[in-house]
Amino acid sequence: MIEAAALSRLGLGVTGPHAGLGASRAATTRLIHQAIDLGVTLFDTGPAYGRGEGEYRLGAALGSRRRDAAFIATKAGIHAGGHRDFSAGAVEMSLRDSLKRLRRDHVDLLLLHGPAPEEMTDKLIRRLEAFKARGMIRHIGVCGRGAELDRAIELGVFNALMAPVNDQLDEAARQRLVRARASGLSVIGIEVMAGAARPSGPPRSRGDLWYLARQIKRRLRRDPPAAAGTAPAEGLAWALSQSWTDSVVCLTTRPAHLSANAALVDALEQRPATS
């Protein structure tokens with residue numbers, strides 16, 4: 001498990017629009033600085049986002065801040081350009097490239113990015129442990145949503161899971177996260193606002209255009225729509241109210257939304273958690 005003091009309850013995803021045309025580099029930098037000023041320390045990114053652009057932006061934005069101002073989580077296994085390779089050698093090359101883009105000599109958390117259970121081989125685990133021994137990473141984890149998380153819990157070598165945490169989870173997914181927390185793994189929630197109602201009307205920013213393009217892409221793929229209508233604040237509050245949730249990572253391009261999320265988290269800290 002990751003020590004609680006290292007993780008802010010609210011994290012910022014430097015992914016999606018922050019790894020491409022959805023936000024300018026300057027806008028991403030301003031949002032990262034705002035997040036730090038609001039008490040956010042957890043930042044999530046990865047090489048698969050914009051061919052490493054998300055990592056590049058995060059590294060550049062943090063250059064003027066204290067090293068301990070940020071807990072950096074990045075990923076490996078799905079590499080820049082979308083190439084999938086969980087071999088020990090490929091994961092090491094990916095990590096070294098990520099460190100260059102992040103301008104760091106280590107990352108706080110390296111997450112395997114959606115591996116199949118059989119891809120978490122003994123050789124890969126030994127290599128991850130070697131990274132820790134060399135000081136290249138401090139913690140290891142798995143990002144996913146199904147059987148790969150079950151396997152990660154069984155192996156007993158990981159420090160954290162990153163997985164969807166929202167009120168649309170079925171009972172099996174909820175019990176998996178309960179089991180992970182009971183096994184000593186930190187749980188970092190993503191997709192906490194899945195199904196949240198988005199503002200109506202025409203796009204008002206590059207970020208809005210990015211979300212619109214993603215929505216159109218999902219429709220073209222005929223992905224099943226999420227049950228919409230939940231207010232974003234309600235989704236965030238639900239995720240953080242669960243006793244097995246250590247932190248949540250939210251994605252936004254709007255400073256006002258970031259401020260509102262941070263204020264809500266501060267308010268929720270005064271309430272008891274539920275199971």
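Look a little higher up for the structure.
Residues numbered from 1 in each chain as written. Predicted model: local features only at pLDDT ≥ 70, side-chain atom pairs only at ≥ 80, totals over all residues. Heavy atoms only, no water.

**Considering the environment of F71**
Rule in force here: Counting from the N terminus, the helices are the DSSP runs of H or I reaching at least four residues and the strands are the DSSP runs of E reaching at least two. Whether a residue is buried, partly exposed or exposed follows from its accessible area with a 1.4 Å probe, protein chains only, as a fraction of its type maximum: under 20%, in between, or over 50%, in that order. Here, residues are in contact when the closest pair of their heavy atoms is within 4.5 Å.
Its location among the elements puts F71 in strand β3 (residues 71-76). The exposure class assigned to F71 is buried, which follows from its relative accessible area of 4%. Considering only alpha carbons, one finds F71 and D44, 27 residues apart in sequence, at a separation of 8.6 Å. Those residues in contact with F71 that lie beyond four places of it in its chain are I2, A6, L7, T41, L42, F43, D108, L109 and H139.

**Describing the packing of aromatic side chains**
Each aromatic ring pair is summarised here by two numbers: the centre-to-centre distance and the angle between the ring planes. As a reminder, the rule being used: A pair of aromatic rings is counted whenever rings of Phe, Tyr or Trp (Trp by its six-membered ring) have centres within 6.5 Å, and the orientation is called stacked for planes under 30 degrees apart, edge-to-face for over 60 and tilted otherwise. Charge-over-ring placement is defined geometrically: NZ (Lys) or CZ (Arg) within 6 Å of the ring centre, and within 35 degrees of the ring normal.
Summed over the entire model, instances satisfying the criterion amount to one aromatic pair. Sitting over the ring of Y56, R103 keeps its end group 5.7 Å from the ring centre.

**Some remarks on the sheet that holds β3**
Inclusion rule: Any two strands with at least two DSSP-identified bridges between them are counted as paired. As a rule, the C-alpha atoms of each element are fitted with a line to give its axis, helices using only the stretch in contact, and angles between N-to-C directions run from 0 to 180 degrees.
Read once around its circumference, the closed barrel built from eight strands follows the order β1-β2-β3-β4-β5-β6-β7-β8, with strand pairing classed as parallel. On average, each strand axis in the sheet is tilted by 30 degrees relative to the strand beside it, whichever way the strands run. Across two bridges, the pairing between strand β7 (residues 186-190) and strand β8 (residues 247-250) is parallel. Note on β8: the bridge partner recorded for G189 is V248. Lying over the sheet, helix α5 (residues 147-155) contacts β5 (137-143) and β6 (160-164), oriented at roughly 160 degrees with respect to β6.

**What about the side chain of S186?**
Mapped onto the fold, S186 is located in strand β7. Each residue touching S186, except ones within four places of it in the same chain, is listed here: M1, I2, N159, A160, L161 and D246.

**Concerning unusual backbone geometry**
Positioned with a positive phi, R51 is a non-glycine residue whose angle comes to about 55 degrees. As for its placement among the helices and strands, R51 is situated in the loop between β2 (42-44) and α2 (53-62). Since its relative accessible area comes to 64%, R51 is described here as exposed. One non-glycine residue, R103, lies in positive phi territory at about 60 degrees. Relative to the elements of secondary structure, R103 occurs in the loop between α3 (88-102) and β4 (107-113).

That's the geometry; what it means functionally is another story.
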